[in-house]
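Listed below, chain by chain, are the residues.
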Amino acid sequence: MSRNIPQKHSPWGAPPVTDLNYRHAFHAGNHGDVLKHVALVFCLDALKRKPASFAVLDTHAGRGVYDLAAAEAVRSPEWTGGIGRLWGQEGLPDALARHLAAIAAHNAGGDLRLYPGSPTLIAAALREGDELHACELHPEEYAALRRSLGRAPGVRLHERDGYEALAALLPPTQRRGLVLIDPPYEAPDELALALAAIKGALHRFAHGIYLWWRPLKSASALAAVDAELMSSGAVRSTLRADLWVDAPRPEGRLTGSSILLLNPPFGLEPALREALPALAGLLAAGASGWSVRGLD
Ligand SMILES: C[S@@+](CC[C@H](N)C(=O)[O-])C[C@H]1O[C@@H](n2cnc3c(N)ncnc32)[C@H](O)[C@@H]1O
């Protein structure tokens, strides 16, 4: 999908980030983005219910905004099975309607052309005193991120390893906030790498909200990382939500994803229980389904 760029090693000793071939432009607005961003928008709204400032650390930010008419999205129009199916729908559950409104804010005129990625959704939610730290390692994606959000108030962009940032930038000075971990999962050990980084981060910022997106490829691999996280003793409350638009497949096109929230905000569980059946119906490409539960 793109050229290889030189290997970079994480300075905190994690396995090297070898190939940054992944480009989110091929996937922006797909079912996985919809699940993740519905939860993200809910968490941002929840943080804004209190006047105290908050910070968000987006460890794998991407380029910020995705043009759905660009070559990548035309070649791989995953968004048509995701946000494309929600666009223009009325009477949706509240959490979906909020997500749609956040996307509509970047599409003046009513046609869906731009899909705002996580840092753009977050930047749009910041108030005076709130902060976003967004990390992106791919030079071209980082350059695009700078073009779209380089001057946005409260936004600090970092061309650095997001896992290293989890160790370096937490806790935030605001002492409250959200951490979004959304790696590309190109490396076979990415689940383990993210798990280790999150466990470390929890020691520094135990009461933050964590939103961790994972592909639904291997149920046993996800069960194992969840069990290890729970056994670490650092986790207080959890909420896991899975959405699949077709029967899960270990290989090939992604059919589902899972978000794990640590310290989920009040109200998220019922909101997802209302939203996910609607999403599973609207985005179905086959045997779709959903689940929402806390981890034991
Ligand atoms: C799934 S995409 C992010 C999508 C974005 N969070 C959103 O929701 O719009 C993952 C991004 O992480 C970048 N990346 C890969 N390894 C990284 C690392 N170790 N640190 C920071 N960014 C990384 C990739 O270049 C890619 O742009």
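Residues numbered from 1 in each chain as written. Predicted model: local features only at pLDDT ≥ 70, side-chain atom pairs only at ≥ 80, totals over all residues.

For the rest of this paragraph, the subject is the packing of helix α5 (residues 118-125) against helix α6 (residues 139-149). Following both chains from N to C, one finds α5 and α6 inclined at 25°, their axes separated by 11 Å at the closest point. Between α5 and α6, the interaxial angle falls into the category roughly parallel. At the point where α5 passes α6, the crossing takes the right-handed sense. Together, Pro119, Thr120 and Ala123 of α5 and Leu145, Ser148 and Leu149 of α6 make up the contact between the two elements. Taken together, the residues of the contact of α5 with α6 sort by class into four nonpolar, two polar and no charged. (Axes fitted to C-alpha atoms, helices over the stretch in contact; angles between N-to-C directions. Helix = DSSP H or I, 4+ residues; strand = E, 2+ residues; numbered from the N terminus. Parallel < 35°, antiparallel > 145°, perpendicular 65-115°, else oblique. Left-handed = near helix turned anticlockwise from the far one by under 90°. Contact = placed C-beta atoms within 7 Å. Nonpolar A, V, L, I, M, F, W, Y, C, P; charged D, E, K, R; others polar.)

Attention shifts here to the site of the ligand. Every one of the 22 residues lining the ligand counts as a neighbour, but His60, Gly62, Gly117, Ser118 and His138 are closest to it. Contributing elements (two or more residues each) for the shell around the ligand: α1 (31-47) and α7 (162-168). For the shell around the ligand, the class distribution of residues is nine nonpolar, seven polar and six charged. (Near = placed C-beta within 6 Å.)

Quick look at the sheet that holds strand β7 (residues 209-215) now. Picture the strands of a sheet paired through backbone hydrogen bonds; they go either parallel or antiparallel. Ordered in space as β5-β4-β1-β6-β7-β9-β8-β10, the eight strands form an open sheet in which the pairing is mixed. Of all the strands in the sheet, the pair left with one neighbour each is β5 (155-158) and β10 (289-293). Each neighbouring strand pair of the sheet contributes to a mean axis angle of 10°, computed without reference to strand direction. Where strand β1 (residues 55-58) meets strand β4 (residues 131-135), four bridges bridge the pair, whose relative direction is parallel. (Pairing = 2+ DSSP bridges.)

This paragraph deals with the nonpolar core. Grouped together as the largest cluster of nonpolar side chains are 85 residues, with contacts concentrated most on Ala39, Leu211 and Leu261. Counting residues per element, this core draws most heavily on α1, which supplies ten residues. Each residue touching leucine 261, except ones within four places of it in the same chain, is listed here: Ala39, Ile209, Tyr210, Leu211, Thr238, Leu239 and Leu268. (Core = buried A, V, L, I, M, F, W, Y, C linked by C-beta atoms within 7 Å. Buried ≥ 20, exposed ≤ 12 C-beta atoms within 10 Å, placed from the backbone.)

Looking now at the pairing of β7. Counting buried positions along β7 yields six of seven residues, so the element is predominantly enclosed. Pairing between strand β6 (residues 177-181) and β7: four bridges, direction parallel. Residue pairing in the sheet places valine 179 in a bridge with tyrosine 210 of β7. In this view, the connection linking β6 to its parallel neighbour β7 by way of helix α8 (residues 190-204) has right-handed handedness. Here β7 runs beside strand β9 (residues 256-262); their pairing, made up of six bridges, is antiparallel. Paired with proline 215 across the strands is serine 257, a residue of β9. (Right-handed = clockwise from strand over helix to strand, strands pointing away.)

The subject of this paragraph is α8. The end-to-end C-alpha separation of α8 is 22 Å, in line with the 21 Å expected for 15 residues at 1.5 Å each. The complete set of buried residues in α8 reads Leu191, Ala194, Leu195, Ala197, Ile198, Ala201 and Leu202. Those residues of α8 hidden inside the fold are in contact with α7, β6, β7 and α9 (219-231). (Expected span 1.5 Å × (residues − 1).)

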